[in-house]
Amino acid sequence: GDSVTQMEGPVTLSEEAFLTINCTYTATGYPSLFWYVQYPGEGLQLLLKATKADDKGSNKGFEATYRKETTSFHLEKGSVQVSDSAVYFCALKNFNKFYFGSGTKLNVKP
Amino acid sequence: AAGVIQSPRHLIKEKRETATLKCYPIPRHDTVYWYQQGPGQDPQFLISFYEKMQSDKGSIPDRFSAQQFSDYHSELNMSSLELGDSALYFCASSKRDYLEQYFGPGTRLTVT
């Protein structure tokens with residue numbers, strides 16, 4: 001069945017460091033891919049999305065490119081801030097069903 | 001812009017009691033999803049409704065039931081509560097042909 005695998009956390013970085021959170025997926029057909037962010041005690045917020053191969057989603061300095069050949073959707077940010085500390089979930093939507101990865105906690109230290 | 005509303009935000013129940021969680025989707029959204037998120041876990045899909053009919057079922061226990069009403073709000077009914085039911089319960093809504101779903105703030109259920 002469809003699934004999402006993302007790198008285990010926590011990931012701890014210093015402010016202004018480069019961030020990569022890996023995400024790979026398994027799906028039939030042509031899924032859409034998402035990154036959601038969850039701050040403590042809050043619901044999931046959509047961070048960015050991509051609907052087809054080679055699409056790049058971007059928002060708030062975060063980027064991810066839909067790579068069909070490697071079935072990946074890695075999240076990147078060139079310079080993280082303390083305020084980026086949160087849990088990040090990779091997700092896919094296929095045939096109106098959503099599948100989430102296990103989440104990666106990011107800690108950014110000043 | 002209006003967001004998904006969930007009530008209550010916090011709920012404390014004892015074992016074997018019942019609980020009802022409510023979800024009010026974004027206006028004109030026709031699809032509602034329910035998720036359960038345990039501590040440090042990813043959201044687990046429970047059930048979804050499209051146009052007031054159940055459309056998909058995930059890992060929802062038999063003790064739980066849900067429905068979507070004519071005004072599109074949805075309720076998750078949980079009976080014979082167990083300690084392991086303590087979790088954050090999220091509702092999300094979307095329009096069926098749209099890409100993303102929008103999450104509510106969640107209801108934190110604590111079973112003692």
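Everything below is about the structure printed above this text.
All of these numbers come straight from a predicted model, not from anything done at the bench.

S.K.: Now, about the overall build of chain B: what can you tell me, with residues and values included?
M.R.: A count of helices and strands for chain B gives zero helices and eleven strands. Put simply, chain B runs from its N terminus to its C terminus through helices and strands in the order β-β-β-β-β-β-β-β-β-β-β. The C-alpha radius of gyration of chain B comes to 13 Å, within 12% of the 13 Å expected for a compact globule of 112 residues. Referenced to the eigenvectors of the C-alpha coordinate spread, the extents of chain B come out at roughly 40 × 25 × 25 Å. Taken across its 112 residues, chain B has 47% of its residues classed as buried. For chain B, long-range pairs separated by at least 24 residues make up 52% of all intrachain contacts whose partners lie at least 6 apart in sequence.

S.K.: Summarise the overall build of chain A; cite the residues concerned and give the values.
M.R.: A tally of regular secondary structure across chain A gives zero helices and twelve strands. The secondary structure elements of chain A, listed N-terminal to C-terminal, are β-β-β-β-β-β-β-β-β-β-β-β. For 110 residues, the compact-globule estimate of 2.2 N^0.38 gives 13 Å, and chain A sits close to it at 13 Å. Taken along the three principal axes of its C-alpha coordinates, chain A extends 45 × 30 × 20 Å. Every one of the 110 residues in chain A was classed for burial, and the buried ones make up 45%. Contacts in chain A between residues far apart in sequence, at least 24 positions, make up 56% of those at least 6 positions apart. For chain A, the exposed area adds up to about 5200 Å²; of that, 49% sits on carbon and sulfur atoms. Computed over 11 positive and 11 negative side-chain charges, the separation of the two mean positions in chain A equals 6 Å.

S.K.: Please give an account of the interface of chain A and chain B that cites residues and values.
M.R.: Across the boundary between the two partners, chain A contributes 19 residues, which contact 18 residues of chain B. Summing both partners gives a buried area of about 1600 Å² for chain A against chain B, and 54% of it is carried by carbon and sulfur. Taken as a group, Asn96(A), Phe98(A) and Phe100(A) account for 31% of the area that chain A buries against chain B, more than any other trio of residues on that side. Applying the counting rule to chain A against chain B returns zero salt bridges. At the boundary of chain A with chain B, the tally comes to two residue pairs in polar contact (both at pLDDT 80 or more). Within the residue set of the side of chain A that touches chain B, elements represented by two or more residues are β5 (32-38), β6 (44-50), β10 (86-94) and β11 (97-100) of chain A. For the side of chain A that touches chain B, the element with the highest residue contribution is β5(A), accounting for four residues. Within the side of chain A that touches chain B, the residues separate by chemical class into seven nonpolar, eight polar and four charged.

S.K.: Residues and numbers for the pattern of salt bridges, please.
M.R.: Under the definition given, this model contains six salt bridges over all chains. Of the charged contacts, one joins Lys77(A) and Asp84(A) as a salt bridge, the two residues approaching to 2.8 Å between their closest N and O atoms. Asp84(A) shares its class with Lys77(A); the two are buried. Its salt-bridge partner being Asp85(B), residue Arg63(B) comes within 2.9 Å of it at the nearest N-O pair. Note that Arg63(B) is positioned in the loop between β6 (53-57) and β7 (64-68) and Asp85(B) in the loop between β8 (74-78) and β9 (87-94), a separation of 22 residues in sequence.

About the cut-offs
Residues numbered from 1 in each chain as written. Chains lettered and ligands numbered in written order. Predicted model: local features only at pLDDT ≥ 70, side-chain atom pairs only at ≥ 80, totals over all residues. Heavy atoms only, no water. Helix = DSSP H or I, 4+ residues; strand = E, 2+ residues; numbered from the N terminus. Rg over C-alpha atoms; globule rule 2.2 N^0.38 Å. Buried < 20%, exposed > 50% of the residue type's maximum accessible area, 1.4 Å probe, protein only. Contact = heavy atoms within 4.5 Å. Areas by Shrake-Rupley, 256 points an atom, 1.4 Å probe, with all protein chains shown as cover. Lys, Arg positive; Asp, Glu negative; His and termini not counted. Charge placed at Lys NZ, Arg CZ, Asp CG, Glu CD. Buried area = accessible area lost by both parts, 1.4 Å probe. Salt bridge = Lys/Arg side-chain N within 4 Å of Asp/Glu carboxyl O. Polar contact = N/O pair within 3.5 Å; in protein donor to acceptor, adjacent residues only side chain to side chain. Nonpolar A, V, L, I, M, F, W, Y, C, P; charged D, E, K, R; others polar.

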